[in-house]
Amino acid sequence: TQVLRKGLQTGVVLSAGSFLVYEAHKLISGFAEVHASFKVEDVIEQADYLYGSGETEKLYRLLVQHKNSDDAELLWRLARSSRDLAQLGSTSAEEKRQLTYDSLEYAKKALEKNEANFAAHKWYGICLSDVGDYEGIKTKIGNAIIIKEHFQRAVELNPKDATTIHLIGVWCYSFAEMPWYQRKIAATLFATPPTSTFQESAANCHLKLFSCLYAADPNFYSKNLLFLGKTYLKLNNKKMALLWLSKAKEYPAQTEEDKQV
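Residues numbered from 1 in each chain as written. Predicted model: local features only at pLDDT ≥ 70, side-chain atom pairs only at ≥ 80, totals over all residues. Heavy atoms only, no water.

Asks: Tell me about the overall build of the protein, and please be specific about residues and values.
Replies: Of the regular secondary structure elements, the protein holds 13 helices and zero strands. A burial count over the protein gives 39% of its 261 residues as buried. Accessible surface for the protein amounts to roughly 15500 Å². Of this, 56% is attributable to carbon and sulfur atoms. (Helix = DSSP H or I, 4+ residues; strand = E, 2+ residues; numbered from the N terminus. Buried < 20%, exposed > 50% of the residue type's maximum accessible area, 1.4 Å probe, protein only. Areas by Shrake-Rupley, 256 points an atom, 1.4 Å probe, with all protein chains shown as cover.)

In structure tokens form, the structure reads like this:
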């Protein structure tokens, strides 16, 4: 009887201990979930600071640790960061290729996680265009409509995003400038080949400029100034071309792309 009583008491103690362990586990798990959500916000805040500071390599090292994240905000930033790293002059050709394909995968995953994220659409379009540089002109032209659709979806989700409007302007410029042999390729790929005019390009680039003026930052992007100048040259308006090309030339270069512009 005493053995049975002790056995029962031990069982109760063990059961109570197991219960406490279980409750502690639930508490810790719940805390971990909350902590994880705060961690995502902290990483995004740190990433945006590094991006604004031009710390391309540090930013990539921070974000690539979260490549398996389910958060679209982290993933599109990783796509952008991978692409930025690929653009650096110090990046080897092999690394650039890998980073270009990686960036597309991250952007694709961001879209899968949140289709309503405008930045995911924007960076998917950009990264898809970059991959086309490795897969030949036929693939690049074949992806053109998909790219534009993602840019347009990004604008629908965020009409004030000047960068996306600029990208549509560049898309229009590229098709307006397309040489005859590429037009032949487009004709074989599409029942109705995509077309554009330099007037459309100018209109879209100006829309972006107006967006920036609204934000009190008319010179926010050197490449937009360059394309405005090039577009006015195509329209044979040398006075306006000189104005915008001069602005592009005088733009304070901070990134590799600014220097190329």
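Asks: Please give an account of unusual backbone geometry that cites residues and values.
Replies: In this model, N236 sits at a positive phi of 65°, which is unusual for a non-glycine residue. You can see N236 is positioned in the loop between α11 (222–234) and α12 (238–250).

Asks: Go over the packing of aromatic side chains with me, naming the residues and quoting the values.
Replies: Per the stated rule, a full pass over the model turns up one aromatic pair. Seen from their ring centres, Y101 and Y134 are 6.1 Å apart, and the 45° between their planes marks the pair as tilted. Linking Y101 in helix α4 (residues 93–113) with Y134 in helix α5 (residues 118–135), this pair joins segments that are 33 residues apart in sequence. Classification of Y101 as partly exposed rests on a relative accessible area of 23%. The ring centre of Y51 lies 3.5 Å from the NZ or CZ of R80, which sits over that ring. (Phe/Tyr/Trp six-rings, centres within 6.5 Å; stacked < 30°, edge-to-face > 60°. Lys NZ or Arg CZ within 6 Å of the ring centre and 35° of its normal.)

Asks: An account of the pattern of salt bridges is requested, with residue identities and associated values reported.
Replies: Counted under the stated rule, the structure contains nine salt bridges. For D70, the salt bridge goes to K113, with nearest N and O atoms at 3.1 Å. One end of the pair, D70, is in the loop between α2 (56–64) and α3 (72–87); the other, K113, is in helix α4, with 43 residues separating them in the sequence. A relative accessible area of 41% means that K113 is categorised as partly exposed. (Salt bridge = Lys/Arg side-chain N within 4 Å of Asp/Glu carboxyl O.)

Asks: I'd like a description of the nonpolar core, backed by residues and values.
Replies: Residues L63, L104, A110, Y124, F151 and W171 are the most contacted members of the largest nonpolar core, which totals 38 residues. Elements with a contribution of two residues or more to this core: α1 (2–52), α2, α3, α4, α5, α7 (144–157) and α8 (162–176). Setting aside residues up to four positions removed in sequence, L63 forms contacts with V43, A47, L74, R77, L78 and S81. A241, W244, A248 and Y251 belong to the second-largest nonpolar core, a separate cluster that totals eight residues. (Core = buried A, V, L, I, M, F, W, Y, C linked by side-chain atoms within 4.5 Å. Contact = heavy atoms within 4.5 Å.)

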